[in-house]
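Each chain is listed here by its residues.
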Amino acid sequence: MVTAEQDLKLGLREEVRAESSPLSPLASVPENPDPSEDTIDLLRQDILGHLESLQLPQDGADPRLISKSSIRSSHGRQRLAVFSHEMEHLRNRLPSLLDRFAEGAEVSPSCIKPRLVAVKSDTPDSDLFRLATLLWSVPVSRGYGRRMRYLVIDEQNDKLIGVFALGDPVFNLRARDSWIGWDARQRRQRLVAVMDAFILGAVPPYSQLLGGKLVASLAGSQEVCSAFETKYGSSKGIISQQEKAAKLALVTTTSALGRSSLYNRLLLRRAMPDGTKRTLVEFERIGMTSGYGHFQLSDQLFARLKEALRKEGHPYVKQNRFGQGPNWRIRVIRVGLDLLGLDQNLLRHGIAREIYGLRLASDALDYLRGETDVIDLAPPPVGEISQAAL
């Protein structure tokens with residue numbers, strides 16, 4: 001029988017082999033030429049050729065009819081590029097990192113006891129986090145702005161259950177904004193109380209034991225909420241320069257493969273002595289994204305697009321004072337496509353993803369709309385969540 005660790009090693013070996021193969025999809029990714037020799041025509045041809053090779057859904061396709069396998073395929077080249085880049089850093093550390101993944105025989109489901117470990121940069125824990133995310137079928141972002149990364153460790157064997165990371169949410173998200181019911185002024189004031197779980201998931205063998213739902217639930221734990229307040233509670237707004245006194249009221253997340261089986265109907269309750277049930281964790285479906293984004297343009301092509309704009313003296317290319325998040329990147333791509341004479345609709349990849357929200361207080365939406373300045377935060381601790389989930 002192949003164990004979870006052996007399966008993990010085999011999978012990594014296959015990807016390392018694919019990465020170095022002359023037939024690898026990476027081989028057809030346009031190389032970054034000498035900037036002085038790059039031309040508008042060449043860049044235009046390379047972008048169109050790259051997008052055609054991804055076989056993205058046809059414009060106007062029904063999101064409900066787009067299969068998860070086709071979404072994985074569309075992300076394949078990006079995933080291989082990310083894998084290649086990460087393995088340059090992790091390859092020599094693989095033996096010690098793989099030892100932190102559990103064998104099936106090392107896991108007793110009834111004895112699973114999760115512990116959160118905050119990840120610090122440039123540490124073995126950081127390397128383990130990076131390796132775990134390479135198992136995802138869709139490449140993950142490194143996040144933007146504020147970031148909180150966690151390992152979920154099983155105390156019964158000190159092995160990795162899964163990982164999650166919270167980061168700054170996008171400023172404009174129609175479905176989220178409509179669900180919350182805030183206006184532009186309220187959003188500017190209270191978006192600081194929202195974080196987006198841009199990475200969430202379990203690793204083998206826990207992923208076969210509904211470990212993903214446990215990891216997702218822990219993103220709304222008391223420990224995470226307290227760590228957020230300690231780290232960002234007295235932060236100052238970059239633009240407004242005002243003290244924010246931020247409290248974590250809402251965690252959002254977006255499914256990787258269209259419709260989600262992980263967050264769908266994710267509800268944990270605890271029976272109370274009086275016979276009632278207390279809701280500990282509930283992921284609420286907010287809506288769908290519109291199918292626009294920037295993953296379909298590789299980092300290499302994006303760098304060449306920025307260089308073309310720099311030659312034109314466009315101000316977007318300069319260091320973005322307020323961070324280089326997804327909104328900024330999309331703006332750069334939009335003006336770059338215009339420079340090349342290409343349709344800005346190329347930003348539409350056609351993959352609509354489900355959006356979910358996890359309130360950390362019953363009055364979270366009232367707080368986000370500015371209807372109250374006091375929020376009744378009482379998220380459950382890790383221990384209580386794990387008892388309800390396992």
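Our structure's up above, just so we're on the same page.
Given the structure is predicted, the values throughout are model-derived calculations rather than measurements.

### Things to note about the overall build of the chain
Check the secondary structure of the chain and you find 14 helices and 8 strands. Considering the chain as a whole, with its 390 residues, one finds that 47% of them fall into the buried category. Residue pairs in contact within the chain that sit at least 24 positions apart in sequence constitute 78% of those at least 6 positions apart. As displayed, the chain offers around 19700 Å² of accessible surface, 49% of which is attributable to carbon and sulfur atoms.

### Describing empty space enclosed by the protein
This model, assessed by the stated rule, comprises 2 cavities of 30 Å³ or more. Looking at the largest cavity, its volume works out to about 60 Å³. Forming the walls of the largest cavity are Ile47, Leu51, Gly293, His294, Gln296, Leu297, Ile333, Leu337, Leu346 and Leu347. Only α2 (40–53) and α12 (326–340) provide two or more residues apiece to the lining of the largest cavity. Looking at the lining of the largest cavity, its residues break down into 7 nonpolar, 3 polar and no charged.

### Quick look at unusual backbone geometry
Residue proline 205 follows proline 204 across a cis peptide bond; omega there is 0°. Looking at the element boundaries, proline 205 is found in the loop between β4 (194–202) and α9 (211–218). With a phi close to 60°, arginine 265 is a non-glycine residue in the positive phi region. Note on placement: arginine 265 falls in the loop between β5 (250–254) and β6 (267–271).

### Brief notes about helix α6 (residues 124–133)
Of all 10 residues in α6, 9 are buried, a share of seventy percent or more. Considered for burial, the residues of α6 that qualify are Asp125, Ser126, Asp127, Leu128, Phe129, Arg130, Leu131, Ala132 and Thr133.

### Remarks on the pattern of salt bridges
Evaluated as defined, the whole model comprises 22 salt bridges. For arginine 93, the salt bridge goes to aspartate 127, with nearest N and O atoms at 3.1 Å. Note that arginine 93 is positioned in the loop between α4 (76–90) and α5 (94–98) and aspartate 127 in helix α6, a separation of 34 residues in sequence. Arginine 93 gets classed as partly exposed once you look at its relative accessible area, which sits at 34%. Aspartate 127 sits in the buried class, given a relative accessible area of 9%. Here arginine 329 ties to aspartate 299 by a salt bridge, and the two come within 2.9 Å at their closest N and O atoms. On the criterion of sequence distance, the pair formed by arginine 329 in helix α12 and aspartate 299 in helix α11 (residues 299–311) is long-range, its members being 30 residues apart.

### Side note on the sheet that holds β6
Strand-to-strand pairing in sheets goes through backbone hydrogen bonds, with the strands running parallel or antiparallel. Across the sheet, which stays open at both edges, the 8 strands sit in the order β1-β2-β3-β4-β5-β8-β7-β6 with mixed pairing between neighbours. On the outer flanks of this sheet lie β1 (114–118) and β6, each paired with one strand and no other. Averaged over all pairs of adjacent strands, the angle between their axes in this sheet comes to 25°, without regard to strand direction. The pairing of β4 with β5 spans 4 bridges and is parallel. When the bridges of β5 are listed, aspartate 196 appears paired with threonine 252. The sheet contacts of α6 involve β1, β2 (147–154), β3 (159–167) and β4, and relative to β3 the element is tilted by about 90°.

### Examining the packing of α2 against α11
The interhelical angle for the contact between α2 and α11, taken along N-to-C directions, is 150°, at an axis separation of 11 Å. Viewed along their axes, α2 and α11 adopt a mutual orientation that is roughly antiparallel. Of the two possible hands of crossing, α2 and α11 adopt the one that is left-handed. Residue-level contacts link Ile40, Leu42, Leu43, Asp46, Ile47 and His50 of α2 to Leu301, Arg304, Leu305 and Ala308 of α11. Grouping the amino acids of the contact of α2 with α11 by side-chain chemistry returns 7 nonpolar, 1 polar and 2 charged.

Thresholds applied
- Sequence order as written defines residue numbering, which begins from 1 separately in each chain.
- With pLDDT at 70 or above as the cut-off, local features in this predicted model cover only qualifying residues; side-chain atom pairs require 80 or more to be listed or tallied, and sums for whole chains, interfaces and linings still use all residues.
- Only hydrogens and water are removed before side-chain values are computed, so all heavy atoms of the structure are retained for them.
- A run of DSSP states H or I qualifies as a helix once it reaches four residues; a run of E qualifies as a strand once it reaches two. Both are numbered from the N-terminal end.
- Each residue is placed in one exposure class: buried if its accessible area under a 1.4 Å probe, protein chains only, is under 20% of its type's maximum, exposed if it is over 50%, and partly exposed if it falls in between.
- We call two residues contacting when some pair of their heavy atoms lies within 4.5 Å.
- With residues, only the protein chains shown are counted as cover, and all accessible areas are computed by Shrake-Rupley using a 1.4 Å probe.
- Note on definitions: the grid is 1 Å and covers protein atoms alone; a cavity is a set of points where a 1.4 Å probe fits but cannot get out; a pocket is an open set with protein on both sides within 12 Å along at least five of seven lines; lining residues have an atom within 4 Å of a point.
- Grid points are joined across faces, edges and corners, and a volume is the space filled by probe spheres set on the points.
- Residue polarity is assigned by list, with Asp, Glu, Lys and Arg as charged and Ala, Val, Leu, Ile, Met, Phe, Trp, Tyr, Cys and Pro as nonpolar; anything else, Gly included, falls into the polar class.
- Every case where a carboxyl oxygen of Asp or Glu lies within 4 Å of a side-chain nitrogen of Lys or Arg is listed as a salt bridge.
- Two strands pair if DSSP finds at least two bridges between them.
- Comment: axis = line fitted to C-alpha atoms, over the contacting stretch for helices; angle = value between 0 and 180 degrees taken between N-to-C directions.
- For classification purposes, an angle smaller than 35 degrees is called roughly parallel, one larger than 145 roughly antiparallel, one from 65 to 115 roughly perpendicular, and anything else oblique.
- Crossing handedness follows the turn of the near helix against the far one: under a right angle anticlockwise gives a left-handed crossing, and clockwise gives a right-handed one.

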